[in-house]
Amino acid sequence: MTDYTIGMWMYRNGGGEVIQQRIIEQLNQNGIAVINNLSLKNGYANNGHIFSGEVNMANLDLYFSYNASEQSDYQVYLYQALNMTVPCINSFEAFCVSEDKFKTSHLLNQHGVPTANYQLCHHQELERAREILRNWGGKALFKPTNGWGGKGIINIESAAEFEQLLPLLNETKPGCFYLERWIDNDFTDFRVDVVDGTIVGCYGRKAAQGDWRTNISCGGSIILRELNDQIAALSLRAARLTGLDIAGVDLIYDREREQFVVLEVNGIPAFATPEQEKFGLDFNALKIEKIVNLIERKVKLNAIGNIHEQALAKYIA
């Protein structure tokens, strides 16, 4: 017997199909039915309802979206509207913060979490950008404020290289651009996975020979890491500040400042692939368990909230 029904849309490559099946099986054992592969790609809204195919998503007890690479602007737009009436993991508000590098760094900085020094500029404020680059010794990373996997990041090693970007800025007119001060590091990082306020995994990535990007999609490779108290505290705090139920916190060690800094907080951190599990990453089982518990807690809280709303409506009537 099922007490609740949720929608799920999860990535299927890199072992994701097996992972989602394990999540579904455990949810079913806990009395939670799952409508799988419920993408908003072909969704539409009509008269106060949002549909995906024949499914009226307003009838769901929760929506679990866990797919970064296939998400379009249209889907994100519907996701925002859906989250006004249906609990989502992660919430749309937290999703928006984590998807934006500037918003993430700005929020963490305001609460004392060390990040890379940054500058957000309007595309016409070139003198401001030139001034900050001079203060940074001409070395910075030019980044899109959103995106994942290291896409669109350009390494600037001198003021002259920044000037070479200007034709691109003049052509694309991005509205704003984000500069991040270059951090003296050993081209390795830490990735800490957090689910519902609990650390479920920690590993690292190492940049390919001759590259500085640790992203796996850019040729980086997995390395085993030991979690320490400082990294754990920073990761938990970053996840809490962004509001993410599920977070992957990326940190590197700044050799100049002699401290760890948070680079990004990812709202859809991947599970370990079968190859990575063979290498020694063994956090999938715990991560699945915590996600299942998180979903169960959220749907029950939502049900209690609905009961209270219905009782209040009767009282007012």
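Just so we're clear, the structure is a prediction, and the values are computed from it rather than from any experiment.

A. Molecular detail of the side chain of Gln119. Among the secondary structure elements, Gln119 is positioned in strand β8 (residues 118-122). Under the relative-accessibility criterion, Gln119 is labelled buried at 17%. If sequence neighbours within four positions are ignored, Gln119 has contacts with Arg128, Ile132, Trp136, Phe177, Tyr178 and Leu179.

B. Fine view of the nonpolar core. The biggest cluster of nonpolar side chains holds 27 residues, and the ones touching the most others in it are Ile23, Leu27, Phe64, Phe271 and Ile295. Secondary structure elements with two or more residues in this core: β1 (4-10), α1 (16-29), β2 (32-35), β6 (62-66) and α9 (284-316). The element best represented in this core is α9, accounting for seven residues. If we ignore the near neighbours within four places in the chain, the residues touching Ile23 are Met8, Met10, Phe64, Phe271, Ile288 and Val292. Of all hydrophobic cores here, the second largest spans 22 residues; its members include Leu108, Val192, Leu241 and Leu251.

C. Seen up close, the packing of helix α3 (residues 92-99) against helix α4 (residues 101-110). Running from N to C, α3 and α4 cross one another at 100°; their axes reach a closest spacing of 5 Å. Taken together, α3 and α4 sit at an angle that is classed as roughly perpendicular. Of the residues in α4, those in contact with Cys96, Val97, Ser98 and Glu99 of α3 are Lys101, Lys103, Thr104 and Leu107. Here the residues of the contact of α3 with α4 are counted per class, giving three nonpolar, two polar and three charged.

D. Geometry of the packing of helix α5 (residues 126-135) against helix α6 (residues 159-172). Running from amino to carboxyl end, α5 crosses α6 at an angle of 155°, the nearest separation of the two axes being 11 Å. As summarised for this structure, α5 and α6 are arranged roughly antiparallel, according to the angle between their axes. Our pair here, α5 against α6, has a crossing hand that is right-handed. Where α5 approaches α6, its residues Leu126, Ala129, Arg130 and Leu133 are matched on the opposing element by Phe162, Glu163 and Leu166.

E. Spatial organisation of the environment of Val265. Counting through the fold element by element, Val265 comes out in strand β16 (residues 259-266). Not counting chain neighbours up to four residues away, the residues in contact with Val265 comprise Ser98, Thr104, Leu108, Ala238, Thr242, Leu244, Ala247, Gly248 and Val249.

F. Inspection of the sheet that holds β6 at higher detail. With respect to topology, four strands assemble into an open sheet ordered β2-β1-β6-β7, the strand pairing being parallel. Among the strands making up the open sheet, the edge pair consists of β2 and β7 (88-89). Examined bridge by bridge, β6 and β7 share two bridges and lie parallel to one another. Bridge assignment links Tyr63 to a residue of β7, and that residue is Cys88. α1 rests against β1, β2 and β6 of the sheet, and its axis sits at about 175° to β1.

Rules behind the numbers
- Residues numbered from 1 in each chain as written.
- Predicted model: local features only at pLDDT ≥ 70, side-chain atom pairs only at ≥ 80, totals over all residues.
- Heavy atoms only, no water.
- Helix = DSSP H or I, 4+ residues; strand = E, 2+ residues; numbered from the N terminus.
- Buried < 20%, exposed > 50% of the residue type's maximum accessible area, 1.4 Å probe, protein only.
- Contact = heavy atoms within 4.5 Å.
- Core = buried A, V, L, I, M, F, W, Y, C linked by side-chain atoms within 4.5 Å.
- Axes fitted to C-alpha atoms, helices over the stretch in contact; angles between N-to-C directions.
- Parallel < 35°, antiparallel > 145°, perpendicular 65-115°, else oblique.
- Nonpolar A, V, L, I, M, F, W, Y, C, P; charged D, E, K, R; others polar.
- Left-handed = near helix turned anticlockwise from the far one by under 90°.
- Pairing = 2+ DSSP bridges.

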